[in-house]
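# Structural characterization, general
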Amino acid sequence: PYTYHDTLFAFDAKTTMYAKPDTNSKVQMTCIAGDTLVVMDSLSFPKDKIQAFYRMKNGKQIGYVKAGDIAIYKFNLKHNASQSTILISGFDTSENSLLHMNEFSENNLMATFSYPYYHQPFSIAMHGNRGLSGLNKIFQILHFAESCGEDGGSTYIGWSPENFIEILHASSSADGGMYSSSSYLLFPEDSGGVPGKIIYKREVYEILNEELGWDRTSTETRNYDWT
């Protein structure tokens, strides 16, 4: 949930700010993609996360913006003589929870991408292409599992102008200190990386007999060709 004074962004090329938490109310203003929105009230109206509105401020204007029109991450990226703005929104539907990524150039939508995220708490980091040809950037979605047995880990999404690519999900989970599984990727630019390949590693730890102190650690490795 958003809290008072959080800084967020307009997600769409025409993001509408209403006088009331109702799409039939007066339009206060229309924001463009990437405009800064500041949360003025931590409550959503109504308290239905799918149809929620938030009271926001853009410059001196205050109004209500639909939750689905709000981005939580904004990246400005230069490539050649152009600039792209990547906006990322987390949005709940009646069926699942989706992460939406939009690429804009001069407020024109150039590419869009959706991916289901695993849990409410997550964060996103942006890297260079880490040695993968044909990509400009890699976005790493870090999923934070909140209970034993839940799947966490990282999802890697590649980006080049006007194109998003799902690379791989590296899963991680644990169960009460008795078992843990952690996966990670080695890219060509990483220490131990290989040109033209992504190396997938999975480390598993399990207690076989707690009373006698028996445990086991194993490592699995698989090499993927990057095409």
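Residues numbered from 1 in each chain as written. Predicted model: local features only at pLDDT ≥ 70, side-chain atom pairs only at ≥ 80, totals over all residues. Heavy atoms only, no water.

## Thoughts on the overall build of the chain
Scanning the chain for helices and strands turns up 0 helices and 19 strands. Counting over 227 residues, the chain shows a buried share of 38%. Within the chain, counting contacts between residues at least 6 apart in sequence, those at least 24 apart form 41% of the total. Total accessible area on the chain stands at roughly 12,300 Å², and carbon and sulfur atoms take up 47% of it. (Helix = DSSP H or I, 4+ residues; strand = E, 2+ residues; numbered from the N terminus. Buried < 20%, exposed > 50% of the residue type's maximum accessible area, 1.4 Å probe, protein only. Contact = heavy atoms within 4.5 Å. Areas by Shrake-Rupley, 256 points an atom, 1.4 Å probe, with all protein chains shown as cover.)

## Considering the pattern of salt bridges
Close approach of charged atoms allows side chains of opposite charge to pair. Going through the model one piece at a time under the given rule, you end up with 4 salt bridges. With a shortest N-O distance of 2.9 Å, D190 and R130 are connected by a salt bridge. Separated by 60 residues along the polypeptide, D190 in the loop between β17 (179-186) and β18 (197-209) and R130 in the loop between β12 (122-127) and β13 (137-143) bring together distant segments of the chain. The salt bridge partner of R216 is E206, with a shortest N-O separation of 2.9 Å. Of this pair, R216 sits in strand β19 (residues 214-225) while E206 sits in strand β18; the two residues are 10 residues apart in sequence, bridging distant segments of the chain. (Salt bridge = Lys/Arg side-chain N within 4 Å of Asp/Glu carboxyl O.)

## What to know about the nonpolar core
Core analysis: the largest hydrophobic core is formed by 16 residues, its most contacted members being I86, I88, M101, I124, F139, I157 and F164. No other element matches the 3 residues that strand β11 (residues 108-116) contributes to this core. Filtering out sequence-adjacent residues up to four positions away, F164 remains in contact with I86, M101, N102, E103, A111, T112, F113, I157, G158 and W159. Residues V39, Y54, M56 and I70 belong to the second largest nonpolar core, which totals 13 residues. (Core = buried A, V, L, I, M, F, W, Y, C linked by side-chain atoms within 4.5 Å.)

## Points about the sheet that holds strand β15 (residues 163-170)
Pairing is antiparallel in the open sheet, where 4 strands are placed in the order β12-β13-β14-β15. Every other strand in the sheet has two partners, leaving β12 and β15 as the edge strands with one partner each. Adjacent strand axes in the sheet meet at a mean angle of 20° when their direction is disregarded. With 7 bridges connecting them, β13 and strand β14 (residues 153-160) associate as antiparallel partners. Within β14, the residue paired with K137 across the bridge is W159. (Pairing = 2+ DSSP bridges. Axes fitted to C-alpha atoms, helices over the stretch in contact; angles between N-to-C directions.)

## Looking at the sheet that holds β19
Across the sheet, which stays open at both edges, the 4 strands sit in the order β16-β17-β18-β19 with antiparallel pairing between neighbours. In the strand order of this sheet, the two ends are held by β16 (172-175) and β19, each with one partner. Strand-to-strand twist in this sheet, taken as the mean axis angle between neighbours without regard to direction, amounts to 15°.

## Overview of the side chain of N58
Take N58: it is sitting in strand β5 (residues 53-58). Every residue in contact with N58, bar those within four places of it in the chain, is listed here: M17, M29, C31, D35, T36 and L37.

## Points about the packing of aromatic side chains
Two measures describe an aromatic ring pair: the distance that separates the ring centres and the angle between the ring planes. In the structure shown here, the tally under the stated rule is 6 aromatic pairs. With centroids separated by 6.2 Å and ring planes inclined at 80°, the aromatic side chains of Y18 and F53 adopt a geometry described as edge-to-face. In this pair, Y18 is assigned in strand β2 (residues 15-18) and F53 in strand β5, connecting sequence segments 35 residues apart. As far as the burial class goes, Y18 and F53 line up, both buried. Here a set of aromatic residues connected by ring pairs shows up, and it is made of Y73, F75 and F139. (Phe/Tyr/Trp six-rings, centres within 6.5 Å; stacked < 30°, edge-to-face > 60°.)

## So, a nonpolar patch on the surface
Together, L208, L212 and W214 make up an exposed nonpolar region whose accessible area comes to about 380 Å². Take W214: it is sitting in strand β19. The class for W214 is exposed, based on a relative accessible area of 56%. (Patch = residues over 30% accessible without salt bridge, like charges linked within 9 Å, V, L, I, M, F, W, Y side chains within 5 Å.)

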